[in-house]
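Summary of structural features
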Amino acid sequence: PQAGMNDQGLWYDGFMTPYLLPVNSSEKPYFTDPDAYYKDNMAEYCGRMFSTIDEIIEFCLNYNFDLMTNNQNFIADRNGNSAIIEGDDIIYKDGNFQVVTNFLQSHPELGWYPCWRYETAVSMLENMTDLTVEYFTDIGNATHQDGNYWTVYSWIADLKNQIIYFYYLYDYDNVVIIDLKEEIEKGEHYIYIGSLFEPEGNQGPAKLEAPTGNESGSPGE
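Residues numbered from 1 in each chain as written. Predicted model: local features only at pLDDT ≥ 70, side-chain atom pairs only at ≥ 80, totals over all residues. Heavy atoms only, no water.

Focus: the sheet that holds strand β3 (residues 71-76)
Within the open sheet, the five strands sit side by side as β1-β2-β3-β4-β5. Their pairing is antiparallel. Edge positions in the sheet fall to β1 (3-5) and β5 (90-92), since each has one partner strand and no second. Averaged over all pairs of adjacent strands, the angle between their axes in this sheet comes to 15 degrees, without regard to strand direction. Bridging between strand β2 (residues 11-16) and β3 involves six bridges; their strand directions are antiparallel. Across the sheet, Asp13 pairs through a bridge with Phe74, a residue of β3. Against the sheet, helix α2 (residues 53-60) touches β3, β4 (82-85) and β5, its axis set at about 25 degrees to β4. (Pairing = 2+ DSSP bridges. Helix = DSSP H or I, 4+ residues; strand = E, 2+ residues; numbered from the N terminus. Axes fitted to C-alpha atoms, helices over the stretch in contact; angles between N-to-C directions. Contact = heavy atoms within 4.5 Å.)

Written as structure tokens, this is what we have:
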């Protein structure tokens, strides 16, 4: 799983980063969950078991993080707490908001910094007067990527009401609203992202009739 939210309002997402080898966990065991489909996915386990970022951090500190060499996790809960887990370093929210993109905030010198997306989001949050979905949609639109690196999807998570506002590619005029409680009541199921945004009444191409005629012949005849 790349990202998720559970029924307790606990949220996480993962972000690619420059290479950095964690060094403070070499004596700790690797995480494994023999009962899970993704046996080594700690984030998926935390999503099933916990409801706050403090529970996640206390749990994760028991395990080896040396596989987190090119990624970081951003976690938040419905109480308004958030933190970035970089491997050795954990960066807690300081102030009213926290922003993460793809550079390591403990080691910005390793690359991908300065980051215009980070600076844009921070500036817009500093000047925000109303906490609305519409304003966060504007932030997504202002920070999306196209060209060589492009934004496949964006989502805004209301952690208290467990509502997801979902956007495909970087079309911020079209939103699909997902109620997590309703999805959970359906049981385990999968949805292709693109199918959520198909035009109403869209159908696949008509099936052609099988071709007829000779099954063999000579060139030019």
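So, the packing of aromatic side chains
A complete count under the given rule lists 16 aromatic pairs for this structure. Ring geometry for Tyr167 against Tyr172: centres 5.5 Å apart, planes inclined by 40 degrees, an arrangement best described as tilted. Each member of the pair, Tyr167 as well as Tyr172, carries the same accessibility label: buried. Among the aromatic side chains, those forming a connected cluster through ring pairs are Phe31, Tyr45, Phe50, Phe59 and Tyr63. (Phe/Tyr/Trp six-rings, centres within 6.5 Å; stacked < 30°, edge-to-face > 60°. Buried < 20%, exposed > 50% of the residue type's maximum accessible area, 1.4 Å probe, protein only.)

A few points about the side chain of Asp13
Assignment of secondary structure puts Asp13 in strand β2. As a buried residue without a salt bridge, Asp13 has its nearest oppositely charged side chain in Arg117, at a separation of 11 Å. Here the side chain of Asp13 touches Gln2 through a polar contact of 3.3 Å, side chain to side chain. (Lys, Arg positive; Asp, Glu negative; His and termini not counted. Salt bridge = Lys/Arg side-chain N within 4 Å of Asp/Glu carboxyl O. Polar contact = N/O pair within 3.5 Å; in protein donor to acceptor, adjacent residues only side chain to side chain.)

Focus on helix α1 (residues 42-49)
Buried within α1 we find Met42, Ala43, Tyr45 and Cys46. With its buried residues spanning 160 degrees around the axis, α1 presents them on a single face. The elements touched by buried residues of α1 are β2 and α2. Where α1 begins, one side-chain oxygen reaches toward the backbone nitrogen of Ala43, 3.2 Å away; that side chain belongs to Asn41. (Arc of directions from axis to C-beta.)

What about the packing of helix α3 (residues 116-126) against helix α4 (residues 133-143)?
At a closest axis distance of 9 Å, the pairing of α3 and α4 adopts a crossing angle of 155 degrees. Taken as axis vectors, α3 and α4 run roughly antiparallel relative to one another. The handedness of the crossing between α3 and α4 comes out as right-handed. Residues Trp116, Arg117, Thr120, Ala121, Met124 and Leu125 of α3 form the contact with α4, whose own contacting residues are Tyr135, Phe136, Asp138, Ile139, Ala142 and Thr143. Here the contact of α3 with α4 is built from residues that sort into eight nonpolar, two polar and two charged. (Parallel < 35°, antiparallel > 145°, perpendicular 65-115°, else oblique. Left-handed = near helix turned anticlockwise from the far one by under 90°. Nonpolar A, V, L, I, M, F, W, Y, C, P; charged D, E, K, R; others polar.)

Points about the environment of Phe103
Mapping Phe103 onto the fold places it in the loop between β5 and α3. With a relative accessible area of 4%, Phe103 lands in the buried category. Taking the C-alpha atoms as reference, Phe103 lies 6.7 Å from Pro18; in sequence the two are 85 residues apart.

Details of the sheet that holds strand β7 (residues 163-168)
Paired through their backbone hydrogen bonds, the strands of a sheet run either parallel or antiparallel. Pairing is antiparallel in the open sheet, where three strands are placed in the order β6-β7-β8. Each edge of the open sheet is held by one strand with a lone partner, namely β6 (153-158) and β8 (176-179). Direction aside, neighbouring strands of the sheet carry axes that sit 20 degrees apart on average. With four bridges connecting them, β7 and β8 associate as antiparallel partners. The residue bridging Tyr165 from the neighbouring strand is Ile177, located in β8.

Remember that the coordinates give geometry; whether it matters functionally is a separate question.
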